[in-house]
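Commentary on secondary and tertiary structure
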Amino acid sequence: MNSELSVVIYILVLLSSHENEKLTSTQISERIRVNPARIRRVLSSIKKVGYVKAKEGIDGGYVLSKDPYEITLKDVYTLVSSKPLQIPKPSIMKKGNLTAEVDIQLANIFIESEQQLMHQLEKITLGSMLHVMKECALGNVESFDDEEEIIGG
């Protein structure tokens, strides 16, 4: 999992947990401990696909614009992962060469692994993650506002 995926999930889960409250990029940055410029860049990309809405001005901020139960981790993974798992480049050696044969096997393994990953990620929504987090040791997701935050920690 790359860090971009984590940051997008952190932001979406945080906004999900504050469903009726607008959060500024600075507030989001402080709560998940990620550079504000990076937060703004990520917010811009997830706004383009319709996951968040922004209101500018004095009482502006970001809110989730979709039901968290409608956003799967597969959706988020697909958004941030422009290419499949790191499939090795095919060897320039001719077939029958050790490196070419290993590359073919690795490509097949990575393709199958990604298919399994996508199948699993499709089962998990932001809403279901938030539900589990509320039921677990976190108690109330509002504890994300505390200094001992889990998101981004």
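Everything quoted here is computed from the prediction, not taken from an experiment.

Another point: helix α1 (residues 3-17). An ideal rise of 1.5 Å per residue puts 21 Å on 15 residues; α1 measures up with 21 Å between its terminal C-alpha atoms. Among the 15 residues in α1, twelve count as buried, and that is most of the element. Taken together, the buried positions of α1 are occupied by L5, S6, V7, V8, I9, I11, L12, V13, L14, L15, S16 and S17. For α1, the elements touching its buried residues are α2 (25-32), α3 (36-48), β1 (52-55), β2 (61-64), α4 (73-80) and α6 (126-135).

Our focus in this paragraph is the pairing of β1. Relative to β2, β1 is paired through four bridges, and the arrangement is antiparallel. Pairing of K53 across the sheet is with V63, part of β2. The antiparallel pairing of β1 with β2 creates a hairpin that spans five residues between the two strands, and G57 there sits at a positive phi of about 110 degrees.

Turning our eyes to something else, we now look at the environment of S45. Take S45: it is sitting in helix α3. Its relative accessible area of 31% is what places S45 among the partly exposed residues. Through-space distance from the C-alpha of S45 to that of L79 is 8.8 Å; in sequence the pair is 34 residues apart.

Parameters at a glance
Residues numbered from 1 in each chain as written. Predicted model: local features only at pLDDT ≥ 70, side-chain atom pairs only at ≥ 80, totals over all residues. Heavy atoms only, no water. Helix = DSSP H or I, 4+ residues; strand = E, 2+ residues; numbered from the N terminus. Expected span 1.5 Å × (residues − 1). Buried < 20%, exposed > 50% of the residue type's maximum accessible area, 1.4 Å probe, protein only. Contact = heavy atoms within 4.5 Å. Pairing = 2+ DSSP bridges.

Treat this as a map of the structure, not an account of what it does.
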